[in-house]
Each structure stands twice: as structure tokens, then as C-alpha cells.
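What follows is each chain in one-letter form.
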Amino acid sequence: MKDIGKVSRREFIATTAAVGACMCGLNGCNILLPQTGDALQIHSSAYEISESNKKVEIIIDTGKAPDLMNVGSAVKIIDSRINDRIIIANTGESDFTALSLSCTHNGAEVEYKHDRKIFKCVSYNRAEFSLDGRSIDSMNLKTLKTYPIRRQNEKLIIFFEV
Ligand code: FES
């Protein structure tokens, strides 16, 4: 009779092999891997999107996104009107960085780590990127796309080319 809670050596090896297969980084193999980071998603009422001459601007009303005004914090924007998901980090007194939220390895979200001033993927391989989006670990991934961002009074403006 088998004890409940005990796992045989054979079962352990079979289970860890299966988990390992899911952590292999194959496209679409995301069953056990975290995909969502800790940045809060700001509500669409906190920003507007303006489009003209192949340029898109996201204009954030900082009064409606107070989380972003704390140094070390980060928020994300996921909006079908924009062709990328973005993360915006408050990296210093009046310094902000905006880049793609999607890790270039397999698309999981990145989080901002203010203690090291880096972005780190939440998925198994935990890829790391510098503030300018460069891969800074042994994975040597493609650079995260960055977007110019400027503060203008109570607004933060992020610039896209389309
Ligand atoms: S999705 Fe694999 S390290 Fe980011």
C-alpha cells in the first residue's frame, strides 16, 4: 500500500522531468511559469492617446496615476490602441523610463527593481535588462524596446513611432 504524501523516486524523477520540460522556454510552453509582474496597471482614464503624422503620444495625467510619482515605483499600460505593452518606472527625483513590458525571451512581463535599477523578467530564467533595455546577463537577449518619455508639468508624455 502506498503512503499518501510519499513520492517514490521514480515518480519524483518523472515529475521533475515534466516540470523541466515546461521550463524549457519553448514558445507557448507557459503552463507553470509566472507571466505577470508586480507593476500596477493604470486605468485608461489616467491617460490619453494622441495620434498624428505617424507619431503616437501617450499623455499620462500624473494626478490620476499617483503610484507612479513615488521614486522606485512602476506602472504598466496595456491598451489595444498601442502596439506594445509598456512599463514606466520612476527611477529618480524627476527621471522616468518607459520600455516594453514584454521580455524578449518569451514575452513574460518584466518588473522594475529599484535597488539595482534594472528590469527583471518574472519568468523562470529571470532575464535582466538595464534601464536602456540592454540584456545584462548571460542570456544575451535582444534589447527591450525603449520609448522616449518627457515630463511636462503634471503630464508625462511617452512617444511612439508607428
Ligand atoms: S520570458 Fe524567459 S526569461 Fe523572460
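Numbers given to residues run from 1 along each chain, matching the order in which its sequence is written. Two thresholds apply to this predicted model, a pLDDT of at least 70 for residue-level local features and 80 or more for giving and counting side-chain atom pairs, whereas whole-chain, interface and lining totals are computed over all residues.

## With respect to the overall build of the protein
For step 1, the next point in the chain: Where helices and strands are cited, they refer to DSSP runs of H or I of at least four residues and of E of at least two residues respectively, numbered from the N terminus. Regarding its fold elements, the protein presents 1 helix and 12 strands.
For step 2, the next point in the chain: When the elements of the protein are put in sequence order from the N terminus, they spell out α-β-β-β-β-β-β-β-β-β-β-β-β.
For step 3, the next point in the chain: Burial is judged by counting other C-beta atoms within 10 Å of a residue's own C-beta: 20 or more means buried, 12 or fewer means exposed, and anything between counts as partly exposed, with every C-beta placed from the backbone. Looking at the protein as a whole, 23% of its 162 residues qualify as buried.
For step 4, the next point in the chain: Restricting the contact set of the protein to residue pairs at least 6 apart, pairs at least 24 apart contribute 44%. Throughout, a residue-residue contact means that the two C-beta atoms, derived from backbone geometry, are no farther apart than 7 Å.

## Quick word on the nonpolar core
For step 1, the next point in the chain: Ile-86, Ile-87, Ile-88 and Val-110 are the most contacted members of the largest nonpolar core, which totals 27 residues.
For step 2, the next point in the chain: Going through the elements one at a time, strand 3 (55–61), strand 4 (74–77), strand 5 (86–92), strand 6 (95–100), strand 7 (110–113), strand 8 (118–121) and strand 12 (155–161) are the ones with two or more residues in this core.
For step 3, the next point in the chain: Counting residues per element, this core draws most heavily on strand 5, which supplies 4 residues.
For step 4, the next point in the chain: Every residue in contact with Ile-86, bar those within four places of it in the chain, is listed here: Lys-76, Ile-77, Ala-98, Leu-99, Ser-100, Leu-101, Tyr-147 and Ile-158. Here, a nonpolar core denotes buried Ala, Val, Leu, Ile, Met, Phe, Trp, Tyr and Cys residues that are linked to one another through C-beta atoms within 7 Å.

## Focus on the sheet that holds strand 4
For step 1, the next point in the chain: Strand order in this open sheet of 5 strands is 1-4-5-6-10, and the pairing throughout is mixed. The open sheet has two free edges, formed respectively by strand 1 (40–41) and strand 10 (146–147), since each of these has just one partner strand.
For step 2, the next point in the chain: Any two strands between which DSSP finds at least two bridges are classified as paired. Relative to strand 5, strand 4 runs antiparallel, the two being bridged by 4 bridges. Counterpart to Lys-76 in the pairing with strand 5 is Ile-87.

## Description of unusual backbone geometry
For step 1, the next point in the chain: Within the chain, Lys-117 stands out as a residue other than glycine whose phi angle is a positive 50°.
For step 2, the next point in the chain: Within the fold, Lys-117 resides in the loop between strand 7 and strand 8.
For step 3, the next point in the chain: Phi is positive for Asn-153, close to 55°, though the residue is something other than glycine.
For step 4, the next point in the chain: Within the secondary structure, Asn-153 sits in the loop between strand 11 (149–152) and strand 12.

## Digging into the confidence of the model for the protein
For step 1, the next point in the chain: Scored by pLDDT, the protein has a mean of 85; 80% of the residues are at 70 or more.
For step 2, the next point in the chain: The predictor's confidence in any single residue is recorded as pLDDT, a number from 0 to 100. Ignoring residues within four places in sequence, the model shows residues 7–26, a span with pLDDT below 50, making 13 contacts including any to other chains.

## Describing the environment of Phe-96
For step 1, the next point in the chain: Mapping Phe-96 onto the fold places it in strand 6.
For step 2, the next point in the chain: Placed 22 residues apart in sequence, Phe-96 and Ala-74 show a C-alpha to C-alpha distance of 9.3 Å.
For step 3, the next point in the chain: In this view, Phe-96 contacts Ile-88, Ala-89, Asn-90, Thr-91, Ile-149, Arg-151 and Leu-156; residues no more than four positions away in its chain are not counted.

## Things to note about the pairing of strand 7
For step 1, the next point in the chain: Residue alternation in strand 7 divides its side chains into a buried set, Val-110 and Tyr-112, and an unburied set, Glu-111 and Lys-113.
For step 2, the next point in the chain: Of the pairings in the sheet, the one linking strand 7 to strand 8 comprises 4 bridges and is antiparallel in character. The residue of strand 8 that forms the bridge with Val-110 is Cys-121.
For step 3, the next point in the chain: Between strand 7 and strand 8, which pair antiparallel in sequence order, lie 4 residues; one of them, Lys-117, sits at a positive phi of approximately 50°.

## Observations regarding the pairing of strand 4
For step 1, the next point in the chain: In the sheet, strand 1 pairs with strand 4 via 2 bridges, with the strands oriented parallel. Residue pairing for strand 4: Leu-40 is matched across the bridge by Val-75.

## Some words on the sheet that holds strand 7
For step 1, the next point in the chain: Taken together, the 3 strands give an open sheet; going across it, the order is 7-8-9, and neighbouring strands pair in antiparallel fashion. The open sheet has two edge strands, strand 7 and strand 9 (128–129), and neither has a second partner.

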